[in-house]
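As a plain string of letters, each chain reads:
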Amino acid sequence: QKEVEQNSGPLSVPEGAIASLNCTYSDRGSQSFFWYRQYSGKSPELIMSIYSNGDKEDGRFTAQLNKASQYVSLLIRDSQPSDSATYLCAVKFTGTASKLTFGTGTRLQVTL
Amino acid sequence: GAVVSQHPSWVICKSGTSVKIECRSLDFQATTMFWYRQFPKQSLMLMATSNEGSKATYEQGVEKDKFLINHASLTLSTLTVTSAHPEDSSFYICSARVRGRGDTEAFFGQGTRLTVV
C-alpha cells in the first residue's frame, strides 16, 4: 500500500512566524513531490514541486526533500493570516504513470 | 500557470438523474486529465485517469458504468454521474497535466460541488 502521511493539525502559528509542515511517504523510489494549498470549499492550487534532495525556495515558501528518510516538508516564512488553509502533500509513486497520491492534508491556522 | 476551467461550479440534482461535469484546459493541450472526488474533511481520492482518444482508467472501487468519462479532445474531458444518489454528493475536481511539460505537474479546475437530493 503506497501511502502519504500528514498530521491533520490544526497547526497554529502566530502571524510572522515560520510554519513547518511535514509529510512522509512509503515508497523509497518516488521521484516527484508536490505541495498544494486548498482553501475551504476550493480546489487545490500548486505551491511547489520538488524532485531533488535538499531545499527549493520560492518567495516565502521553501520545500525540503530528504529521500533517504522519505520525508518532504514545506516551510512558510513570515506567515500571514491569508496562509490559513489546508496544505496537501502529493507524491508520484514509482510505477504509477502520472498519478499523484495525496495525503490527508494539514490544516494551518495563522493567528493575529 | 496553466488554466483549467471546470463547469458547473455547483449543481443540485434529484436522485436518479444524471449530471455532466466539464473540464477544459484553456491555454494548453492536456494529454491526461484526472478526476478526483473529495468528501468533507478528507483528502482527494483519484477516481479515474483519462487520456485523449482512449478509454479512461478507473481506480479500484470506482464504478465505470456509473461515472462515465469522455476525453474527446486535448482540451476537454467530461464526467457524467449517472443515476445519482445522495451518497454521490461530493466535491468533484478535475486536473490536467500539461503536454510536454515536466513530470506530473498538474493543474486543478475549480471543482464542482454536487448535491443529490
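Placed above this text is the structure.
These notes cover the structure that comes with them. On a predicted model such as this, the values are computed, not experimentally measured, just so you know.

**Side note on the pattern of salt bridges**
Evaluated as defined, the whole model comprises six salt bridges over all chains. In this structure, E59 of chain B engages K99 of chain A in a salt bridge whose closest nitrogen and oxygen atoms are separated by 3.0 Å. Here E59 of chain B, found in the loop between β6 (57-58) and β7 (67-73), pairs with K99 of chain A, found in the loop between β9 (85-92) and β10 (101-102), and the two come from separate chains. For R24 of chain B, the salt bridge goes to E22 of chain B, with nearest N and O atoms at 3.5 Å. Classification of R24 of chain B by relative accessible area gives partly exposed; the value is 36%. A relative accessible area of 26% means that E22 of chain B is categorised as partly exposed.

**Observations concerning the side chain of S25 of chain B**
All names here are of chain B. By secondary structure assignment, the location of S25 is in strand β3 (residues 19-25). Classification of S25 as buried rests on a relative accessible area of 4%. Within the local environment of S25, its side chain forms a polar contact with the backbone oxygen of L74, the two atoms lying 3.5 Å apart. Sequence-distant contacts of S25, that is, excluding residues within four places in its chain, are made with V3, A30, M33, L74 and T75.

**Observations regarding unusual backbone geometry**
The omega torsion across G9 of chain A and P10 of chain A is 10°, close enough to zero to call that bond cis. One can find P10 of chain A in the loop between β1 (4-6) and β2 (11-14). A cis amide bond, omega 0°, links H7 of chain B with the succeeding residue P8 of chain B. Mapped onto the fold, P8 of chain B is located in the loop between β1 (4-7) and β2 (10-13). With a phi angle near 50°, D78 of chain A is a residue other than glycine that sits in the positive phi range. Inspection of the secondary structure puts D78 of chain A in the loop between β8 (71-76) and β9. Classification of D78 of chain A as partly exposed rests on a relative accessible area of 40%. In the Ramachandran plot, S83 of chain B falls in the positive-phi region, its phi being about 45° despite a non-glycine side chain. With respect to the secondary-structure elements, S83 of chain B resides in the loop between β8 (76-81) and β9 (90-98).

Parameters at a glance
Residues numbered from 1 in each chain as written. Chains lettered and ligands numbered in written order. Predicted model: local features only at pLDDT ≥ 70, side-chain atom pairs only at ≥ 80, totals over all residues. Heavy atoms only, no water. Salt bridge = Lys/Arg side-chain N within 4 Å of Asp/Glu carboxyl O. Helix = DSSP H or I, 4+ residues; strand = E, 2+ residues; numbered from the N terminus. Buried < 20%, exposed > 50% of the residue type's maximum accessible area, 1.4 Å probe, protein only. Polar contact = N/O pair within 3.5 Å; in protein donor to acceptor, adjacent residues only side chain to side chain. Contact = heavy atoms within 4.5 Å.

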